[in-house]
Amino acid sequence: MTLLMQVCTLVVNVLCLPLHLIHAVGLYKLYKHVMPVCLYRISKMYNKKMHDKKKELFRSLAEFKPPGRQLTLLEIGCGTGTNFQYYPNGCKVICTDPNPQFHRYLTKGMEDNDHLTYDRFVVASGEDMGAVQDNSVDAVVCTLVLCSVDSVTQTLREVHRILRPGGAFFFMEHVVANPSTWSYFFQHVFQPVWYYFGDGCLVTRETWKNLEAAGFSELKLRHIEAPLMFMIRPHIVGYAVK
């Protein structure tokens, strides 16, 4: 199957030559203006499918609230704010995203979730959140983001830096499938075209290995099969404590 997968991937890469060219000359950046509209609709569909999983995951956020203070949470790649509804009442939220075009959708998300306090919106990538101080937040949230950052390892270093001791990193990410499955085959074959329409998304990452090597004191991680299309069905869900 490996040889067949390589041949099919090569064919898809050839078919993607116009997209590779668009990316090479810098025109792909125009997609950043369209992506928020697409993601707003996709995120609503994802939330419907994953509502119970998200509700279960974020139920543990309250455990990391410091005594006598509100929970301070930072979300990496907050997108259109579809996670806001799952955060505890009174939680203070810092929003980060590398795409400033999301800001108007975030405004609507904030208006729809007035049980939260919104601190600020920071235009920053996961690998460089220098605007956020060391040891300054109780929890960091990241859903469907580690698939598209340039460096998972550097992003996790930044998470570790900004978390207070005893704080937690909550994640829900799609990952590569088991190598013995057809999902694995098609993830690799369609990755070249998926990258462009998924705003840099890589479906072939083994993100759980990065989390295991990130130096957290405790890691609670589960592999699940999400009720989604085969390309993004394999997921990891859980949290890691600094």
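Residues numbered from 1 in each chain as written. Predicted model: local features only at pLDDT ≥ 70, side-chain atom pairs only at ≥ 80, totals over all residues. Heavy atoms only, no water.

### Re the UniProt feature "domain: Methyltransferase type" (unreviewed entry) in the protein chain
Heads up, the rule is: UniProt positions are given in the numbering used here, feature names are shortened, and annotations may be inferred rather than shown by experiment. Numbering goes from the N terminus for both helices and strands, where a helix is a DSSP run of H or I of at least four residues and a strand is a run of E of at least two.
As annotated by UniProt and renumbered to match this structure, "domain: Methyltransferase type" (unreviewed entry) occupies residues 74-171. Note that residues 74-171 is 21% helix and 33% strand, and that its end C-alpha atoms are spaced 12 Å apart.

### Topic: the packing of aromatic side chains
Let me state the cut-off plainly: Side-chain rings of Phe, Tyr and Trp (the six-membered ring for Trp) are treated as a pair once their centres are within 6.5 Å; stacked means planes under 30 degrees apart, edge-to-face means over 60, and tilted covers the remaining angles. Partly exposed residues are those whose accessible area sits between 20% and 50% of the maximum for their type, while under 20% is buried and over 50% is exposed, using a 1.4 Å probe and protein chains only.
A full pass over the atoms with the stated rule returns 16 aromatic pairs. With a centroid separation of 6.4 Å and 40 degrees between ring planes, the pair formed by Phe58 and Phe170 is classed as tilted. With a gap of 112 residues between them, Phe58 in helix 3 (residues 31-58) and Phe170 in strand 5 (residues 163-174) connect regions that are remote in the sequence. Classification of Phe58 as buried rests on a relative accessible area of 3%. A relative accessible area of 0% places Phe170 in the buried class. Seen from their ring centres, Tyr195 and Tyr196 are 5.2 Å apart, and the 90 degrees between their planes marks the pair as edge-to-face. On the basis of relative accessibility, which here comes to 28%, the residue Tyr195 falls in the partly exposed class. Clustering of aromatic rings is evident, with ring pairs tying together Phe58, Phe64, Phe84, Tyr86, Tyr87, Tyr118, Phe170 and Tyr239.

### Remarks on the state of the cysteines
Counted only if it meets this: Here, two cysteine sulfur atoms that lie within 2.5 Å of each other are counted as a disulfide.
With the rule as written, the count across this model stands at 0 disulfides. No disulfide involves Cys8; its sulfur sits 13 Å from the nearest other cysteine sulfur, which is in Cys16. Its relative accessible area of 25% is what places Cys8 among the partly exposed residues. This cysteine, Cys95, is not joined by any disulfide, and Cys78 carries the nearest cysteine sulfur, 4.4 Å off.

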